[in-house]
Amino acid sequence: MSQAFTKAMARNIFYGGSLFFILLFLALTFDTDSTLPSRDNHAAITEKVAMGKALWEKNDCIGCHTLLGEGAYFAPELGNVYKRFGSTDAIKAFIKGRPKNGIPGRRSMPQFNFTDEELDAIAAFLKYASEINTNNWPPNIQG
Amino acid sequence: MQYQSQRVAKPYFIAAIGLFVGQILFGLVMGLQYVMGDFLFPAIPFNVARMVHTNLLIVWLLFGFMGAAYYLVPEEAERELVSPKLALAMFWIFLVAGALTILGYLFVPYSSLADMTGNSILPTMGREFLEQPTITKLGIVVVALAFLFNIGATILSGRKTAVSLVLLIGLAGLAVMFLFSFYNPDNLVKDKFYWWWVVHLWVEGVWELILGSILAFVLIKTTGVDREVIEKWLYVIIAMTLITGIIGTGHHYYWIGTPAYWKWWGSIFSAMEPIPFFMMTVFAFNMVNRRRRNHPNKAAVLWALGTGVMAFLGAGVWGFLHTLAPVNYYTHGTQITAAHGHMAFYGAYVMIVLTMISYAMPMLRGREAANSNRSQVVEMWGFWLMTVSIVFITLFLTAAGILQVYLQRMSENPLPFMVVQDKLALFYWLREITGVVFLIGLVVYIASFFVGSREPEASVSPAPAEAGA
């Protein structure tokens, strides 16, 4: 880099540029926050859904699955599983039916021994997630 | 080594390498589970192996950053650390807390671990990379604050250089952004939105400052190029990092319920995120070409140049591949993401920590400036085995990802996830075999610490400038 461009100038670009883009980011965050109510399906967040989210976290479901495309890539996307399976009953039946010792040679979801109330909550959480406005993602029902 | 207190870096580096081995072993477990689904099931289900793999990575990189800071700061500040004892105490606290957390993952079902650690009081667990019990997270905050105090007080009461100030800003940013891991609302969209303030603003933000600072330090030491020149480059690089990377967070806000305008902000700014990485490559090669002296530690110079190249490829090129919203619509959450993640983390953060270890460890073990030739040759074998392996791991995962995207999301009759996974088995096997080669590379790398230690230090050949005179 040429001599005319000094270290002090480079430093000022760093501080000035960073500050500007931090402020811009905060402004966009503020705008996002005020736009979210029209997109984030928050009206559907009941106590049951909140319980479902807590169970989702407590069992580290994200360690195998993706949810809205984020997580691990070992097991299917669950952001749209409510639409793929068609009902909360189908979701509950699937979780309930996992064999305790897995399936020889294949990937299998563990048997979590959830109570009926817990199954209801998890299914309600996944239904809520499926109704978030995700700009039409995923591209198709397979996730 | 000019200051006694720099010695506290040594246990940090040793712990970092030890945890690195654990990370790779669990990576191999996961890789095998991809093709032999019932491997270790139900004793170690995939999600447990994965949290061990990723958490060990984060923890060992943090050990590496802290060790690097403890080594670098006294030389930059031209004074001893304010408190080497505090640094050692924090080392043991962090190591024990980290080990207990990993043992907890392995030997207690995750939901029981959540109950035992009182997760319901302040639920923060069960989110990707932030799986640690809340109490561990609080411990990380305490360690980070004590560390920042130690480093900060040393820097601010000594000589202030651009290298040490940038490092301090990066480390302070690391600690501040981590605080968002305690925010976990019921609203999934908000949860995800702020989760990225930890994850993205770490690896595509403040960590790059730490990376740039360590790279600048090692280049100053090994090339003898004027500090003014190197620090000017450092400022320009990290300016570009934050100018592109902060709004670049938007590339995570395309499909999680956030407004559609993020597709524009995210695409445009993250498309520019390779620029600082490209500059880093040019920077490293430029400084080595303009070197005023030949440093006897050739391995450290190789690591520094390797960091420049691999960070650009992994974070820059492989990041760009899938960052534009119309592309990401199809690639989001597939093996393409995994491919990028592997090369980016290795190229940027693993390699910079190993660069610093390569540079500092000989002095910490009583050498003047470098290990023996034999030791360096073995170390460079480790470098090439690991680096070539990660390139192939990335290529195989990319191939798997392209196939996955096509079969599951683009073809006429999209196939279900698990059907597609079966069709990718060939690439998963190739990835696993390459992973074994990576492990061999790591073993060779570790062996370099034990060979040739009784042989004389590598000698210096005259620098190009001197030789030509």
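Remember, predicted model here, so these are calculated numbers, not experimental data. (Residues numbered from 1 in each chain as written. Chains lettered and ligands numbered in written order. Predicted model: local features only at pLDDT ≥ 70, side-chain atom pairs only at ≥ 80, totals over all residues. Heavy atoms only, no water.)

A few words on a nonpolar patch on the surface. On the surface, a cluster of nonpolar side chains totalling about 670 Å² of accessible area is made up of B:Leu88, B:Trp92, B:Val96, B:Leu100, B:Leu103 and B:Phe107. Inspection of the secondary structure puts B:Val96 in helix α3 (residues 84-107). (Patch = residues over 30% accessible without salt bridge, like charges linked within 9 Å, V, L, I, M, F, W, Y side chains within 5 Å. Areas by Shrake-Rupley, 256 points an atom, 1.4 Å probe, with all protein chains shown as cover. Salt bridge = Lys/Arg side-chain N within 4 Å of Asp/Glu carboxyl O. Helix = DSSP H or I, 4+ residues; strand = E, 2+ residues; numbered from the N terminus.)

Now for unusual backbone geometry. Each neighbour pair has its own omega, and for A:Trp137 with A:Pro138 the value is -5°, a cis peptide bond. Relative to the helices and strands, A:Pro138 resides in the segment after α5 (116-130). In this structure, B:Pro42 follows B:Phe41 across a cis peptide bond, with omega equal to 0°. In this structure, B:Pro42 sits in the loop between α1 (9-35) and α2 (46-77). For A:Leu68, which is not glycine, the phi dihedral falls at a positive 55°. Looking at the element boundaries, A:Leu68 is found in the loop between β1 (66-67) and β2 (70-71).

Another point: the nonpolar core. Residues and elements named next belong to chain B. If you look at the biggest cluster of nonpolar residues, it comprises 197 residues, and the most contacted ones within it are Trp60, Phe65, Tyr70, Trp202, Trp207 and Ile214. Residue contributions to this core peak at 24 residues, all from helix α7 (residues 188-223). Ignoring any residue separated from it by four or fewer positions in sequence, one finds Phe65 in contact with Leu174, Trp207, Ile210, Ile214, Tyr349, Ile352 and Val353. (Core = buried A, V, L, I, M, F, W, Y, C linked by side-chain atoms within 4.5 Å. Buried < 20%, exposed > 50% of the residue type's maximum accessible area, 1.4 Å probe, protein only. Contact = heavy atoms within 4.5 Å.)

Here we come to the pattern of salt bridges. Pairs can form between side chains of opposite charge whenever their charged atoms are close. Tallied over the entire structure, the rule returns 19 salt bridges over all chains. Residues B:Asp115 and A:Lys58 are paired through a salt bridge, measuring 3.0 Å at the closest nitrogen-oxygen approach. Here B:Asp115, found in helix α4 (residues 110-116), pairs with A:Lys58, found in helix α2 (residues 47-58), and the two come from separate chains. Judged by relative accessible area, which is 23%, A:Lys58 ranks as partly exposed. The salt bridge partner of B:Glu76 is B:Arg227, with a shortest N-O separation of 2.8 Å.

Helix-helix packing is described using two parameters, namely the angle between the two axes and the distance between the axes. All names here are of chain B. Interhelical geometry of α1 versus α2 gives an angle of 160° and a closest axis separation of 8 Å. Accordingly, the angle class assigned to the pair α1 and α2 is roughly antiparallel. Between α1 and α2 lies a crossing whose hand is left-handed. Its residues placed into classes, the contact of α1 with α2 shows 23 nonpolar, seven polar and one charged. (Axes fitted to C-alpha atoms, helices over the stretch in contact; angles between N-to-C directions. Parallel < 35°, antiparallel > 145°, perpendicular 65-115°, else oblique. Left-handed = near helix turned anticlockwise from the far one by under 90°. Nonpolar A, V, L, I, M, F, W, Y, C, P; charged D, E, K, R; others polar.)

In terms of domain boundaries, chain A breaks down into domain 1 (1-38) and domain 2 (43-143). Of note, the centres of domain 1 of chain A and domain 2 of chain A, computed from C-alpha atoms alone, are 38 Å apart. (Domains from an automatic or database assignment.)

To continue, consider the interface of chain B and chain A. Contacts between the two partners involve 83 residues from chain B, matched on the other side by 73 residues from chain A. A combined buried area of about 6,800 Å² lies between chain B and chain A, and 63% of that area is made up of carbon and sulfur atoms. At the boundary of chain B and chain A, one finds seven salt bridges. Where B:Asp191 meets A:Lys53, a salt bridge forms, and the shortest distance between an N and an O atom there is 2.8 Å. Where chain B meets chain A, there are 36 residue pairs in polar contact (both at pLDDT 80 or more). By residue class, the composition of the side of chain B that touches chain A is 48 nonpolar, 19 polar and 16 charged. (Buried area = accessible area lost by both parts, 1.4 Å probe. Polar contact = N/O pair within 3.5 Å; in protein donor to acceptor, adjacent residues only side chain to side chain.)

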